[in-house]
Amino acid sequence: MKHLKAFEDALGEIHGEGRYRVFIDLQRQRGKFPKAIARFEDGEREVTIWCSNDYLGMGQDEDVISAMHTAIDSFGAGSGGTRNISGTTRYHVDLERELADLHQKDAALLFTSGYVSNEATLSTLGKILPKLIIYSDSLNHASMIEGIRRSGADRRIFRHNDVDHLRALLELDDPERPKLIAFESVYSMDGDFGRMQEICDLADEFNALTYLDEVHAMGLYGENGAGVAEMLNLADRIDIIEGTLAKGYGVMGGYIAGHETVIDSIRSMASGFIFTTSTCPVMAAGALASVSKLRTDEGRRLRSLHQENAALLKKKFADAGLPVMDSPSHIVPLMVGDPERCKALSDTLLFDFGIYVQPINYPTVPRGTERLRFTPSPVHDGAMMDELVAAILAVWKQLGLDKAA
């Protein structure tokens, strides 16, 4: 093959930096989450999953599974095409109406993933708004960064959660040019919240649109699970809300919600929406069941237990002297700070203790901030946490890692 050495060199550099990623072959078992079977070359073993983004275990929920069975029995497997060419079903329409109502917006639009919804929407906004300037938090997700890059709009990057820096950038630009501030509600690697109130205030002052990625908050915060904007009573101040159906809702897909004219414009112009086959009806049906269920008292019960378990694991890590990062959200990052030892810690936990948590390294996080990222669910109990802490302490000492001060 021509140019093969370039590919070999690229992989060699990744291996040399200790950040080559190995995918674990997992067989999730219905009704047994967070337990799963991991398959290796020399056999299989049961493991406990500690890093799933199926935050509430809704991918195993019986009502969700039942709705998906009904859909596949009624509609079959695929959607049949793009939304324009036979790919719109009753489930797509009903799910978009449910999501719009959830966020108290006029309309919503489904995409095949959260990555696509960010990339397609942000890239299209630059085509709709001539001379647009997009102000982006420095820790925004890669999908937002790529969408902003492809938009053709002028870009301003403000330091993470630094509203003074954002203000300074806004003040430097022509007040007549259209502006958009793009940020997240929950930053998934550090687990902190975006400064939504202050950003909305600045948006009002400088006549800027607001674009909020609620991906890691959907289903998990607010009275109805509509995210941090709902929890803070700020949803009416967000122009475009972007979310996913693949994390708190346990299925797959992404979406945006907002004013009907804005949503219709994206629907009519976004290449990432127009030219791709629509989400399978079975996925839309499962997502609809999940969104609906998490708006009920059962959803509120799951959210409460989820927060309790996240707080409990943080306390157990801190009590054990482990360097757990301060996080106000449900995400529990444990700082390691070295790619090779981070991977060694992850591998030893998996092979020796049956504990599965993937190392997080560059480019997901900056070099020198490698970590393990734990996401306790409502069904991770105290005994599992105690086993986890004991295992980490044993390997931590073996690897010569420092404990927290």
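Keep in mind that what you see is a predicted model, and the values were worked out from it rather than measured. (Residues numbered from 1 in each chain as written. Predicted model: local features only at pLDDT ≥ 70, side-chain atom pairs only at ≥ 80, totals over all residues. Heavy atoms only, no water.)

Turning our attention to the sheet that holds strand β1 (residues 25-28). Spatial ordering of the open sheet is given by β1-β2-β3-β12, a layout of 4 strands whose pairing is mixed. Each having just a single partner strand, β1 and β12 (355-356) make up the two edges of the open sheet. Bridge count between β1 and strand β2 (residues 35-40): 4 bridges; the pairing is antiparallel. Counted as the bridge partner of R28 is A36 from β2. (Pairing = 2+ DSSP bridges. Helix = DSSP H or I, 4+ residues; strand = E, 2+ residues; numbered from the N terminus.)

This part covers the sheet that holds strand β8 (residues 209-213). Spatial ordering of the open sheet is given by β4-β10-β9-β8-β7-β5-β6, a layout of 7 strands whose pairing is mixed. Each of the sheet's edge strands pairs with one partner strand only, and the pair in question is β4 (107-111) and β6 (154-158). Adjacent strand axes in the sheet meet at a mean angle of 20°, parallel and antiparallel pairs treated alike. The pairing of strand β5 (residues 133-137) with β6 spans 5 bridges and is parallel. (Axes fitted to C-alpha atoms, helices over the stretch in contact; angles between N-to-C directions.)

Next up on the list: the packing of aromatic side chains. The relation between two aromatic rings is expressed through the spacing of the ring centres and the mutual angle of the planes. What the rule picks out here adds up to 6 aromatic pairs. Seen from their ring centres, F111 and F273 are 5.8 Å apart, and the 75° between their planes marks the pair as edge-to-face. Separated by 162 residues along the polypeptide, F111 in strand β4 and F273 in helix α10 (residues 271-274) bring together distant segments of the chain. In this structure F273 comes out as buried when scored by relative accessible area, which is 8%. On the numbers, 5.2 Å between centres and 65° between planes, the contact of F317 with F374 is edge-to-face. Highlighted residues: F317 in helix α12 (residues 297-319) and F374 in strand β14 (residues 371-374), separated in sequence by 57 residues. Like F374, F317 is buried. Positioned above the aromatic ring of Y91, the side-chain terminus of R90 is 5.0 Å from the ring centre. (Phe/Tyr/Trp six-rings, centres within 6.5 Å; stacked < 30°, edge-to-face > 60°. Buried < 20%, exposed > 50% of the residue type's maximum accessible area, 1.4 Å probe, protein only. Lys NZ or Arg CZ within 6 Å of the ring centre and 35° of its normal.)

With that out of the way, let us pick up the nonpolar core. One recurring pattern in soluble globular proteins is that nonpolar side chains are buried together. Residues L95, L99, I181, M196 and L245 are the most contacted members of the largest nonpolar core, which totals 59 residues. A total of 7 residues in this core trace back to one element, the largest contributor, which is helix α11 (residues 281-293). Taken domain by domain, the makeup of this core includes at least three residues from each of domain 1 (26-59 + 299-399) and domain 2 (62-295). Setting aside its immediate chain neighbours within four residues, L99 contacts A108, L110, L245, Y255 and V291. (Core = buried A, V, L, I, M, F, W, Y, C linked by side-chain atoms within 4.5 Å. Domains from an automatic or database assignment. Contact = heavy atoms within 4.5 Å.)

The buried fraction of β5 amounts to 5 of the 5 residues, a majority that puts the element mostly inside the structure. Traced from β5 through helix α5 (residues 142-151) to β6, the parallel crossover comes out right-handed. (Right-handed = clockwise from strand over helix to strand, strands pointing away.)

As a further point, take helix α2 (residues 62-75). Look at α2: 20 Å from first C-alpha to last across 14 residues, which is about the 20 Å you get at 1.5 Å a residue. Along α2, the positions that sit buried rather than exposed are V64, I65, A67, M68 and A71. The buried residues of α2 occupy an angular sector of 160° when projected down its axis, which confines them to one face. Of the exposed residues in α2, those oriented more than 90 degrees away from the buried face are D73 and S74. The inward-facing, buried residues of α2 contact α3 (90-102) and α11. Backbone nitrogen of D63 and a side-chain oxygen of the N-cap are separated by 3.0 Å at the start of α2; the cap is D61. Of the residues flanking the end of α2, it is G76, one or two places downstream, whose phi is positive at about 90°. (Expected span 1.5 Å × (residues − 1). Arc of directions from axis to C-beta. Polar contact = N/O pair within 3.5 Å; in protein donor to acceptor, adjacent residues only side chain to side chain.)

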